Amino acid sequence: RGIALVSYWWPAFSELTASTNKRIIDDSANWVGITAENSYFMVEPMPKIKADDEKYINTLKDRISKTHDSGLKIMLKTKLAGNNPRRQEYSEAWWNEWFKEAERVILSYGVLAEENKVESFIIDYSYGNSMPNEAFGPKNATARWEEIFKKLRTVYHGQIGFNTYL
């Protein structure tokens, strides 16, 4: 049983981690889902997903450490969100860049998850059209996602999942 928390964008969350974790344990949960949200800062002419700054990454690591210290397991979810591209056709070059950006973000969080002994890592791509058989998606989406998962497995050895809304 677990409880999911939104991304840690508010500085006061750091001060509230211990009391939040206590409340989660009091509610008989033993897992916490922590979402790290990644946003696009550019879609045209080529997609770019912003890199999280060092302060955010360090804050996230601190939350992971405090949560583990509370005795809770962690499901870290990296969410490719923001102004996602949707329902229009893009060139093969555009899709090459999109998957390169997605892979960069996913692998960097996979390394973070491994280094911080996170029990479960979820790729959350809730919106968009990069999925297999999507009308406006790339023809080789299945192979591209399989390649990302294959590379992710080389840097992260816990449970891996994928969340999407088709």
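The sections below set out a description of the structure shown in this document. Note that the structure is a prediction, hence the values are computed from the model and not measured. The residue numbering used here restarts from 1 in each chain and proceeds along that chain's sequence as written. Per-residue local features of the predicted model are confined to residues with pLDDT of at least 70, and side-chain atom pairs are confined, for both listing and counting, to 80 or more; whole-chain, interface and lining totals are unaffected and use all residues. With hydrogens and water stripped out, all remaining heavy atoms of the structure feed into the side-chain values.

### Structural notes on the overall build of the chain
Across its full length, the chain holds 4 helices and 6 strands. Only DSSP runs of H or I covering at least 4 residues are called helices, and only runs of E covering at least 2 are called strands; the numbering of each starts at the N terminus. Listing every helix and strand of the chain by position from the N terminus yields β-α-β-β-α-β-α-β-α-β. Residue exposure (1.4 Å probe, protein chains only): buried if accessible area is under 20% of the type maximum, exposed if over 50%, otherwise partly exposed. Counting across all 166 residues of the chain, residues that qualify as buried make up 44%. For the chain, the proportion of contacts with a sequence separation of at least 24, taken over those separated by at least 6, is 80%. Residue contacts are counted whenever heavy atoms from the two residues lie within 4.5 Å of one another.

### Digging into helix 3 (residues 92-115)
For helix 3, built from 24 residues, the straight-helix expectation of 34 Å at 1.5 Å per residue is met to within 8% by its first-to-last C-alpha distance of 34 Å. Phi turns positive one or two residues past the end of helix 3, at Lys117, with a value near 55 degrees. Here a helix's expected span is defined as the number of its residues, less one, multiplied by 1.5 Å.

### Structural notes on the nonpolar core
Leu60, Leu76, Trp98, Ile106, Tyr109, Phe121 and Trp145 are the most contacted members of the largest nonpolar core, which totals 37 residues. Sorting the residues of this core by element identifies strand 2 (31-42), helix 2 (54-69), strand 4 (73-81), helix 3, strand 5 (120-124) and helix 4 (141-155) as the ones contributing at least two each. It is helix 3 that provides the largest number of residues to this core, a total of 11 residues. If near-sequence neighbours (up to four positions away) are discounted, Leu76 is found in contact with Ile34, Leu60, Tyr109, Leu112, Ala113, Val118, Ser120, Phe121 and Ile122. We call a set of buried residues a nonpolar core when its members are Ala, Val, Leu, Ile, Met, Phe, Trp, Tyr or Cys and they connect through side-chain atoms within 4.5 Å of each other.

### Details of unusual backbone geometry
Residues other than glycine seldom take positive phi values, yet Ser28 does so here, at roughly 65 degrees. Tracing the backbone shows Ser28 in the loop between helix 1 (13-26) and strand 2. We note that Lys117 has phi near 55 degrees; this positive angle belongs to a residue other than glycine. With respect to the helices and strands, the residue Lys117 is situated in the loop between helix 3 and strand 5.

### What to know about the packing of aromatic side chains
Pairing of aromatic rings covers Phe, Tyr and Trp, the last counted by its six-membered ring, and requires centre-to-centre distances within 6.5 Å; plane angles under 30 degrees mean stacked, over 60 mean edge-to-face, and any other angle means tilted. Inspection of every chain in the model, using the stated rule, returns 11 aromatic pairs. Where Tyr90 meets Trp94, the ring centres are 3.7 Å apart and the plane angle is 15 degrees; that geometry is what we call stacked. The same class applies to Tyr90 and to Trp94, which are both buried. Here the aromatic rings of Phe149 and Phe162 are separated by 5.8 Å at their centres, their planes lie at 65 degrees, and the arrangement is edge-to-face. Of the two residues, Phe149 is situated in helix 4 and Phe162 in strand 6 (residues 159-163); the sequence distance between them amounts to 13 residues. Since its relative accessible area comes to 25%, Phe149 is described here as partly exposed.

### A short note on helix 4
Compared with the 21 Å implied by 1.5 Å per residue over 15 residues, the 22 Å span of helix 4 between its first and last C-alpha is a close match. Listed in full, the buried residues belonging to helix 4 are Ala141, Arg144, Trp145, Ile148 and Leu152. All buried residues of helix 4 lie within an arc of 95 degrees about the axis, which places them on one face of the element. Opposite the buried face of helix 4, by more than 90 degrees, sit the exposed residues Glu146, Lys150 and Thr154. Check the buried side of helix 4 and you find it contacts helix 3, strand 5 and strand 6. Picture the helix axis, draw a direction to every C-beta atom, and the arc is the one those directions span.

### Considering the environment of Ser91
Within the secondary structure, Ser91 is located in the loop between strand 4 and helix 3. A polar atom in the side chain of Ser91 sits 3.0 Å from the backbone nitrogen of Trp94. Each polar contact in these results corresponds to two N or O atoms within 3.5 Å; when the atoms are within protein, one needs to be able to donate a hydrogen and the other to accept it, and residues that are neighboring in sequence are counted only if both atoms are side-chain atoms.

Just distances and angles here, no functional claims.
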